[in-house]
Amino acid sequence: MGTHICEERRFLSYSPLSELTGSSVAKEVIFRENDMQLPKVKLSDIRIDAVIVGAIVDNMTTMSVMLLLMSGLASTGIPQEEAMNRMKSLSGMLLGLIIGLGCTMLGGYVAGRMAKKSELLHGALVAAIGMTLALLFQEKGLPLWYDIAGFLGMLPAGIAGGYLARQRRAPE
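Residues numbered from 1 in each chain as written. Predicted model: local features only at pLDDT ≥ 70, side-chain atom pairs only at ≥ 80, totals over all residues. Heavy atoms only, no water.

Draft legend 1. The overall build of the chain, seen in detail. In terms of helices and strands, the chain carries six helices and two strands. Counted from the first residue to the last, the chain has its helices and strands arranged as β-α-β-α-α-α-α-α. Out of the 172 residues in the chain, the part that is buried amounts to 26%. By sequence separation, contacts in the chain at least 24 residues apart represent 70% of the contacts at least 6 residues apart. (Helix = DSSP H or I, 4+ residues; strand = E, 2+ residues; numbered from the N terminus. Buried < 20%, exposed > 50% of the residue type's maximum accessible area, 1.4 Å probe, protein only. Contact = heavy atoms within 4.5 Å.)

Draft legend 2. View of the pattern of salt bridges. Going through the model one piece at a time under the given rule, you end up with five salt bridges. Aspartate 45 is the partner of lysine 117 in a salt bridge, and the nearest nitrogen-oxygen pair spans 3.8 Å. Linking lysine 117 in the loop between helix 4 (90-115) and helix 5 (119-136) with aspartate 45 in the loop between strand 2 (26-32) and helix 2 (48-75), this pair joins segments that are 72 residues apart in sequence. For aspartate 45, a relative accessible area of 13% gives the class buried. Notably, a salt bridge pairs arginine 47 with aspartate 49, separated by 2.7 Å at the nearest N-O pair. Judged by its relative accessible area of 29%, arginine 47 falls in the partly exposed class. (Salt bridge = Lys/Arg side-chain N within 4 Å of Asp/Glu carboxyl O.)

Draft legend 3. Layout of the packing of helix 2 against helix 3 (residues 80-87). Where helix 2 contacts helix 3, the axes come no closer than 9 Å and their chain directions differ by 130°. One element, helix 2, and the other, helix 3, form an angle in the oblique class. Here the hand of the crossing between helix 2 and helix 3 comes out right-handed. Only Ala83, Met84, Arg86 and Met87 of helix 3 make contact with helix 2, whose side of the interface consists of Met66, Leu69, Met70 and Leu73. Among the residues making up the contact of helix 2 with helix 3, the classes are represented as seven nonpolar, no polar and one charged. (Axes fitted to C-alpha atoms, helices over the stretch in contact; angles between N-to-C directions. Parallel < 35°, antiparallel > 145°, perpendicular 65-115°, else oblique. Left-handed = near helix turned anticlockwise from the far one by under 90°. Nonpolar A, V, L, I, M, F, W, Y, C, P; charged D, E, K, R; others polar.)

What follows is the structure, encoded as structure tokens:
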């Protein structure tokens, strides 16, 4: 393995209390250039199987939870048309967003756990697949804010799932 050289920058940091107490204690702070860089990811780090499984978990869980929700509404004796109207109300759409984004987070988590490396990237890829499917199978008649909120939330949700997977990874 080759050696990695990075630039160090040293600064003196003074405590704000030093002026009040009259002490002149300075602490040396070292910033290394590579501490502020994003990790390098290679295409070979992407595990396609993990991304596909994560996307399947995302979409199947979303559909299953929504189906259970609709079944629960139907079991109360509410006609199907009324149940659909309730799901298209503000509270129904917000609930749908929460469920969908939560399932995207779950899919990103599963992909990250399976990949065991580059977890955030795998979570983002799961979200990208979800966004593509949402564009292809977009339901007509929903308000624009709903589509915007869904798209703006998908990538952070997938990355958050990947982040949680990274947190669960055993230290190397």
